[in-house]
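# A closer look at the structure
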Amino acid sequence: MFRYSLLLMFICLSSTIFAQLYCPPPHGKRSDGSFHISLGAGPTYLRGDIHKPNTVGRAAFFRLDYTILKGIDLGIEGQFGSLEALGDVTDPREVRNNYRGIGLVATFYPFKFFSAPRYTRPSLVELIGESFYVGVGIMGLVNNYDSIYRDMAMPSTWGPTAYVDPDDGPIFQTRTNSMTLPTANVGLAVPINKRRSTMGKYWSVLLNAQFNFANNDLVDGYTPYDAAGNPIDTAHDMYSFYTLGVRYSF
């Protein structure tokens with residue numbers, strides 16, 4: 001229910017953005033527009049069928065945003081890296097998944113959006129407050145399994161089937177596709193030299209926590225079956241991504 005609420009928020013926010021392109025708000029909220037290029041990297045944590053995994057992956061991201069309204073950005077984000085999970089002594093399953101993703105994200109800076117017009121440079125406290133944001137989006141993922149544990153005698157280690165061999169044995173997929181429904185972000189984009197900039201171009205430090213909820217149970221490569229060969233209904237996979245990065249605004 002939570003992720004569908006976030007997806008609805010993304011749809012509503014996107015609709016509002018495009019509506020404002022043709023219906024300027026009455027109180028001067030429209031921005032003259034600026035671009036933001038962001039790069040960063042950090043650890044990933046995969047949550048799927050393996051309970052309490054203790055392995056950390058690594059990934060990097062890039063993003064291009066455009067400020068359509070003051071405090072509201074719309075952008076394109078790409079990611080690439082690894083998602084890893086390793087079971088404990090009671091669970092032999094393990095996976096290393098190289099993934100790529102690209103999608104759309106809307107970002108909302110609440111303190112910046114509701115701040116009154118100012119005619120002087122903002123204080124340090126105001127800059128940090130206005131750097132807080134939340135975001136929601138949608139992303140397509142391509143998952144390539146570099147290594148994954150399979151045991152034909154253990155249906156709990158099975159995954160999505162590509163085809164069946166001549167002996168009626170399943171051959172499992174090594175590549176799957178998923179979508180995030182949705183991708184949720186929360187973080188800070190703290191300007192470094194904005195108060196000293198005279199050209200409107202400045203750098204920011206990014207701290208971001210991202211939570212990606214997949215639309216299926218394929219991200220970790222496991223879709224377990226019971227002893228009778230019937231698929232087990234399990235929760236959809238998700239992964240979190242914590243990043244440190246930089247952003248250039250112009």
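Our structure's up above, just so we're on the same page.
Reference entry: report on the structure contained in this document.

### Considerations on the sheet that holds strand β5 (residues 132-148)
Spatial strand order, β1-β2-β3-β4-β5-β8-β9-β10: eight strands in a closed barrel with antiparallel pairing. Adjacent strand axes in the sheet meet at a mean angle of 25 degrees, parallel and antiparallel pairs treated alike. For strand β1 (residues 35-47) and strand β2 (residues 57-69), the ladder comprises 10 bridges, and the chain directions are antiparallel. Within β2, the residue paired with threonine 44 across the bridge is glycine 57.

### Overview of the packing of aromatic side chains
Under the definition given, this model contains 14 aromatic pairs. Taking the centre distance of 6.5 Å and the plane angle of 85 degrees together, the rings of phenylalanine 61 and phenylalanine 241 count as edge-to-face. Of this pair, phenylalanine 61 sits in strand β2 while phenylalanine 241 is found in strand β10 (residues 238-249), placing the two residues 180 residues apart along the sequence. An identical accessibility class is assigned to phenylalanine 61 and phenylalanine 241; each is buried. Centre to centre, the rings of phenylalanine 211 and tyrosine 242 are 6.1 Å apart; their planes meet at 85 degrees, and the pair counts as edge-to-face. Of this pair, phenylalanine 211 sits in strand β9 (residues 202-214) while tyrosine 242 sits in strand β10, and the two are 31 residues apart along the sequence. Taking relative accessible area as the criterion, phenylalanine 211 reaches 28% and is therefore assigned partly exposed.

### Some thoughts on the nonpolar core
Ranked by size, the top nonpolar core spans 21 residues in total, and within it Leu46, Leu83, Val95, Tyr99 and Tyr239 carry the most contacts. Of all the secondary structure elements, the ones that give two or more residues to this core are β2, β3 (72-86), β4 (94-108), β5, β9 and β10. The greatest single-element share of this core, amounting to four residues, is contributed by β5. Contacts of tyrosine 99, omitting those with residues within four sequence positions, involve Thr44, Ala59, Gln79, Phe80, Gly81, Ser82, Leu83, Leu141, Val142, Asn143 and Tyr239. With seven residues, the next largest nonpolar core counts Ile72, Leu74, Phe108 and Phe113 among its residues.

### As for the side chain of lysine 112
Along the chain, lysine 112 turns up in helix α2 (residues 110-114). Buried charge lysine 112 goes without a salt bridge, the closest partner of opposite sign being glutamate 130 at 5.7 Å. Residues in contact with lysine 112, not counting those within four places in the same chain, are Lys70, Gly71 and Glu130.

### A few points about empty space enclosed by the protein
As enumerated under the stated definition, the model contains three cavities of 30 Å³ or more in all. There is about 70 Å³ of room inside the largest cavity. Forming the boundary of the largest cavity are Tyr109, Lys112, Leu127, Glu130, Ser131, Ala189, Pro191, Lys194, Tyr202, Ser204 and Arg247. Looking at side-chain class alone, the lining of the largest cavity contains five nonpolar, two polar and four charged residues. The computed volume of the second largest cavity comes to approximately 60 Å³. What lines the second largest cavity is Ser38, Phe61, Arg63, Asp65, Thr107, Tyr109, Tyr133, Leu206, Asn208 and Arg247. Broken down by element, the lining of the second largest cavity gets its largest block of residues, three residues, from β2. Tallied by class, the residues present in the lining of the second largest cavity amount to four nonpolar, three polar and three charged.

Thresholds, definitions, all that
- Residues numbered from 1 in each chain as written.
- Predicted model: local features only at pLDDT ≥ 70, side-chain atom pairs only at ≥ 80, totals over all residues.
- Heavy atoms only, no water.
- Pairing = 2+ DSSP bridges.
- Helix = DSSP H or I, 4+ residues; strand = E, 2+ residues; numbered from the N terminus.
- Axes fitted to C-alpha atoms, helices over the stretch in contact; angles between N-to-C directions.
- Phe/Tyr/Trp six-rings, centres within 6.5 Å; stacked < 30°, edge-to-face > 60°.
- Buried < 20%, exposed > 50% of the residue type's maximum accessible area, 1.4 Å probe, protein only.
- Core = buried A, V, L, I, M, F, W, Y, C linked by side-chain atoms within 4.5 Å.
- Contact = heavy atoms within 4.5 Å.
- Lys, Arg positive; Asp, Glu negative; His and termini not counted.
- Salt bridge = Lys/Arg side-chain N within 4 Å of Asp/Glu carboxyl O.
- 1 Å grid on protein atoms, 1.4 Å probe; cavity = no way out; pocket = protein on both sides within 12 Å on 5 of 7 lines; lining within 4 Å.
- Points joined across faces, edges and corners; volume = space filled by probe spheres on them.
- Nonpolar A, V, L, I, M, F, W, Y, C, P; charged D, E, K, R; others polar.

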